[in-house]
Amino acid sequence: MSELPSRFVVLGYQELPAELRRALLGAFATRQGYDTADTSSAGSEGWVDHLEQQLKRGELTVIHDLETESTEVMTRQQVQSFVAHINAQGDGAE
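Now for a quick tour of the structure. Since the structure is predicted, the reported quantities are computational estimates derived from the model, not experimental observations.

1. Observations regarding the pattern of salt bridges
Between side chains of opposite charge, a pair can form when the charged atoms approach closely.
Consideration 1: If you walk through the whole model with that rule in mind, you get six salt bridges.
Consideration 2: Salt-bridge contacts for R7 lead to D65; the nearest nitrogen and oxygen are separated by 2.4 Å. Placement of R7 in the segment before strand 1 (8-11) and of D65 in strand 2 (residues 60-65) is noted, with a sequence separation of 58 residues between them.
Consideration 3: Owing to a relative accessible area of 17%, R7 belongs among the buried residues under this scheme.
Consideration 4: Put simply, E67 and R7 hold a salt bridge, and the shortest N to O gap is 3.7 Å. Taken together, the positions of E67 in the loop between strand 2 and strand 3 (70-75) and R7 in the segment before strand 1 put the pair 60 residues apart, joining distant regions of the chain.
Consideration 5: Given a relative accessible area of 58%, E67 falls into the exposed group.
Consideration 6: Salt bridges here are not isolated pairs; linked through shared partners, they connect R21, R22, D49 and E52.

2. Some thoughts on the nonpolar core
Generally speaking, soluble globular proteins have nonpolar side chains that are buried together.
Consideration 1: Counting 13 residues, the largest nonpolar core has L25, L51, L55, L60, V62 and V73 as the members making the most contacts within it.
Consideration 2: Those elements that provide at least two residues to this core are helix 1 (18-31), helix 2 (43-57) and strand 2.
Consideration 3: Among the elements that take part in this core, helix 1 stands out by supplying four residues, more than any other.
Consideration 4: Those residues in contact with L60 that sit more than four places away from it in its chain are L25, F28, L51, Q54, L55, V73, M74 and T75.
Consideration 5: By size, the runner-up hydrophobic cluster in this structure holds seven residues, among which are L4, F8, M74 and V83.

3. Description of the side chain of H64
Consideration 1: Of note, H64 is situated in strand 2.
Consideration 2: For H64, a relative accessible area of 18% puts it in the buried group.
Consideration 3: Here the side chain of H64 touches S70 through a polar contact of 3.2 Å, landing on its backbone oxygen.
Consideration 4: Polar contacts involving the side chain of H64 include one to the side chain of T71, which spans 2.6 Å.
Consideration 5: The residues touching H64, leaving out its near neighbours within four places in the chain, are R7, F8, V9, L11, E69, S70 and T71.

Here is what the cut-offs are and how they apply
- Residues numbered from 1 in each chain as written.
- Predicted model: local features only at pLDDT ≥ 70, side-chain atom pairs only at ≥ 80, totals over all residues.
- Heavy atoms only, no water.
- Salt bridge = Lys/Arg side-chain N within 4 Å of Asp/Glu carboxyl O.
- Helix = DSSP H or I, 4+ residues; strand = E, 2+ residues; numbered from the N terminus.
- Buried < 20%, exposed > 50% of the residue type's maximum accessible area, 1.4 Å probe, protein only.
- Core = buried A, V, L, I, M, F, W, Y, C linked by side-chain atoms within 4.5 Å.
- Contact = heavy atoms within 4.5 Å.
- Polar contact = N/O pair within 3.5 Å; in protein donor to acceptor, adjacent residues only side chain to side chain.

Have a look at this one:
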């Protein structure tokens, strides 16, 4: 992740309070089109549990933008695309 400008901070799994981490993962599930309307016993909480495991394994990354004070969960592919876009645009330059 060293390719990211210093305005971006990668947050580790343990750095996020559980409630915030689960809220971020819930928002990610919704944006990615997961079926969060599932009314089974798992429902959206099941997706969040699944995503939390992916986060622990490093398959998902949490990036915080210090300038905009926004935080996003991204897949590895999304991070690669994001880094390429940021570096190509010169956004967040040192």
